[in-house]
Amino acid sequence: MTGKPGRTARGGAQTSAGDLLDLVRSGRAVTRGALQQMTGLSRATVGQRLDRLFRAGWLREGAGGPVDSPLGGRPAITLEFDGSHAVVLAADLDTRHARAALLTLTGDLLAERSGPLVVEDGPETVLDGLGRWFAELLTETGHAPEAVCGIGLGVPGPVDSETGRVVQPPMMSGWDGYDIRGRLSRAFTEHTGTGAVPVLVDNDANLMAYGEQRTGYQDCRAFVLVKVSTGIGAGVVVDGALYRGVDGGAGDLGHIRVGTEALCRCGSYGCLAAVASGGAVARRLTDAGVPAASGSDVRDLLAAGHPEAAALAREAGRRVGDVLATVVTLLNPGVLMIAGDLAGTPFLTGVRELLYQRALPRSTAHLDVLTAKLGERAGLIGAGALVVEHLYAPERVEERLTALGV
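Residues numbered from 1 in each chain as written. Predicted model: local features only at pLDDT ≥ 70, side-chain atom pairs only at ≥ 80, totals over all residues. Heavy atoms only, no water.

Of the residues in the protein, 94% reach a pLDDT of 70 or more, and the chain-wide mean stands at 92. Within the model, pLDDT remains below 50 along residues 1–13, and this stretch shows 20 contacts once partners closer than five positions in the same chain are excluded. (pLDDT = per-residue confidence, 0-100. Contact = heavy atoms within 4.5 Å.)

So, in structure tokens, the structure goes:
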């Protein structure tokens, strides 16, 4: 049998230090005895592999656990993932605005900032700006650049997760096929003076879905988040993992044809985004004499209770709900979450009206339709979580421990 040295399932010859860390991080085994029981490894072998994790600073001992034996004795010492040994940087790009944050390995935000960054200014300008923001966040919090173990970035376009490059993005002119990972890594180095760190790039709706699912809905086996802002996109999490399709194109709801003659930014006619996105609602409001340049302007009007904005948002929700009836029938999710500029009562009401009218009752019997809980931070939290899951995956733990010489 071939595979990475030191990794087999229970009953095989070995289980790696990375597998032990995964068991501790997931809470499936948090004592030495439990690790022995779960893996079939000897006490000495478990001790040797845990010692590598302790020397790397990735594990620590916690409080004593309950005494399992009816004969009593000392409580077992629990093991904990030590999230203080590194930090993660994350950024979430919209078409005209961005957010960035410094996070702990357990997902707590230490500092964040936001401001205008226009994707149409091109990747060189935008990614250099993010590198500068990252350096400022580290200075603000007093963290050394060397403490950063990775960077996560969400972008408003389809991403090939193998390469980190966007693929024919309708709203990111000049970014198609660009080496985002390499440029953002260089920008971080240029602005902090430290070495390169791993960079992961994914679609913004994917990262929002990942952040929301991991934060509040870990027991939901099929989770769908729909972001309705300048465009319309969806993130799908199945059994705790993002579903991206074969090349990152899964969830691109905005370019489903809905039988209208409206011209979309992608160059086609009749796309859902052309009639039901935040940008589409903004254009209709402007035509009606209510100035609105973007989805964020629509959001502000909705927050102020503007009746025309509310009516158009509800209509947009109905159009999206019509499409989501098919999505729900296909995926049978437990949670359908609405996020983005239009996420609010009028739009959600419209979605529910058409969704429950068109979808089979069997598909909606156990479905919760609700708005996002984390708001604008969802993408940042999802990006941070993606980096941590990547860097502390069992096979990568082995590579990193070897590189550290432990």
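To continue, consider the sheet that holds strand β10 (residues 222–228). Two pairing modes exist for strands in a sheet, parallel and antiparallel, and in both the strands are linked by backbone hydrogen bonds. Strand order in the open sheet formed by 5 strands is β12-β11-β10-β13-β14, and the pairing between neighbours is mixed. A single partner strand is all that each edge strand has here, and the edge strands are β12 (241–243) and β14 (368–371). Across the sheet, the mean angle from the axis of one strand to that of its neighbour is 25 degrees, orientation sign disregarded. Pairing of β10 with strand β13 (residues 335–339), which is carried by 5 bridges, proceeds in the parallel orientation. Each residue of the ladder has a partner; that of V224, found in β13, is L336. Contacts from helix α11 (residues 345–358) reach β10, β13 and β14 within the one sheet, and its direction differs from that of β14 by about 160 degrees. (Pairing = 2+ DSSP bridges. Helix = DSSP H or I, 4+ residues; strand = E, 2+ residues; numbered from the N terminus. Axes fitted to C-alpha atoms, helices over the stretch in contact; angles between N-to-C directions.)

Turning our eyes to something else, we now look at the pattern of salt bridges. Across all of its chains, the model carries 28 salt bridges by this definition. Note that R60 and E80 form a salt bridge whose closest N and O atoms lie 3.0 Å from each other. In this pair, R60 sits in strand β1 (residues 59–64) while E80 sits in strand β2 (residues 77–81), placing the two residues 20 residues apart along the sequence. Among the residues examined, R60 registers a relative accessible area of 36% and is labelled partly exposed. Looking at E80, the relative accessible area reads 31%, which means it is partly exposed. (Salt bridge = Lys/Arg side-chain N within 4 Å of Asp/Glu carboxyl O. Buried < 20%, exposed > 50% of the residue type's maximum accessible area, 1.4 Å probe, protein only.)

Take the pairing of β13 next. Here β13 lies mainly inside the structure; 5 of its 5 residues are buried. Bridging between β13 and β14 involves 4 bridges; their strand directions are parallel. By the bridge assignment for β14, L336 is matched with V369.

A separate point is the packing of helix α4 (residues 123–141) against helix α5 (residues 180–192). Orientation of α4 relative to α5, taken along the N-to-C sense of each, is 45 degrees, at an axis distance of 8 Å. In this view, α4 runs oblique relative to α5, as classed from their interaxial angle. Considering the relative orientation of α4 and α5, their crossing is right-handed. Counting all contacts with α4, which are made through E124, L127, D128, L130, G131, R132, F134, A135 and L138, the residues of α5 involved are I180, R183, L184, A187, F188, E190, H191 and T192. Taken together, the residues that form the contact of α4 with α5 break down as 9 nonpolar, 3 polar and 5 charged. (Parallel < 35°, antiparallel > 145°, perpendicular 65-115°, else oblique. Left-handed = near helix turned anticlockwise from the far one by under 90°. Nonpolar A, V, L, I, M, F, W, Y, C, P; charged D, E, K, R; others polar.)

With that settled, the discussion passes to the nonpolar core. Within the largest apolar cluster, 51 residues are counted, with the highest numbers of intra-cluster contacts made by L35, L53, F223 and Y392. Element by element, the count of residues in this core is highest for helix α13 (residues 378–391), at 9 residues. Residues contacting L53, with those up to four places away along its chain left out, are A17, L21, W58, L59, V397 and L401. I232, L285, L312 and V323 belong to the second-largest nonpolar core, a separate cluster that totals 38 residues. (Core = buried A, V, L, I, M, F, W, Y, C linked by side-chain atoms within 4.5 Å.)

On to the packing of helix α1 (residues 17–26) against helix α14 (residues 394–404). It is at 7 Å that the axes of α1 and α14 come closest, and there the two elements cross at 125 degrees. The angle between α1 and α14 falls in the class oblique. Considering how the two elements wind past one another, α1 and α14 form a crossing that is right-handed. Facing A17, G18, D19, L21 and D22 of α1, the residues of α14 in contact are P394, V397, E398 and L401. Its residues placed into classes, the contact of α1 with α14 shows 5 nonpolar, 1 polar and 3 charged.

The residue D82 is located in the loop between β2 and β3 (87–93) in this model. Classification of D82 as buried rests on a relative accessible area of 13%. Polar contacts involving the side chain of D82 include one to the side chain of S84, which spans 2.6 Å. Those residues within four positions of D82 in sequence are excluded, and the remaining contacts are G57, W58, L59 and R60. (Polar contact = N/O pair within 3.5 Å; in protein donor to acceptor, adjacent residues only side chain to side chain.)

To continue, consider the pairing of β10. Across the 7 residues that make up β10, a large majority, 7, are buried. The two faces of β10 match: A222, V224, V226 and V228 on one face and F223, L225 and K227 on the other face are all buried. Relative to strand β11 (residues 232–238), β10 is paired through 7 bridges, and the arrangement is antiparallel. Residue V226 lies in a different strand from β11, and its bridge partner there is A234. With antiparallel pairing between neighbouring strands as the criterion, β10 and β11 make up a hairpin whose turn holds 3 residues.

This brings us to α1. Taking burial as the measure, the 10 residues of α1 include 7 buried ones, the bulk of the element. Within the span of α1, buried status applies to A17, G18, D19, L20, L21, L23 and V24. The opening residue of α1, the one whose side-chain oxygen lies 3.2 Å from the backbone nitrogen of G18, is S16. Backbone geometry just downstream of α1 places G27 in the positive-phi region, at approximately 80 degrees.

Across the sheet, which stays open at both edges, the 5 strands sit in the order β5-β4-β3-β6-β9 with mixed pairing between neighbours. The sheet is open, and its two edges are formed by β5 (109–116) and β9 (199–203), each paired on a single side. In this sheet, neighbouring strand axes are inclined to one another by 15 degrees on average, regardless of whether the strands run parallel or antiparallel. The pairing of β3 with strand β6 (residues 148–155) spans 6 bridges and is parallel. Counted as the bridge partner of D92 is G154 from β6. Of the strands in this sheet, β3, β4 (97–104), β5, β6 and β9 are in contact with α13, which crosses β3 at around 135 degrees.

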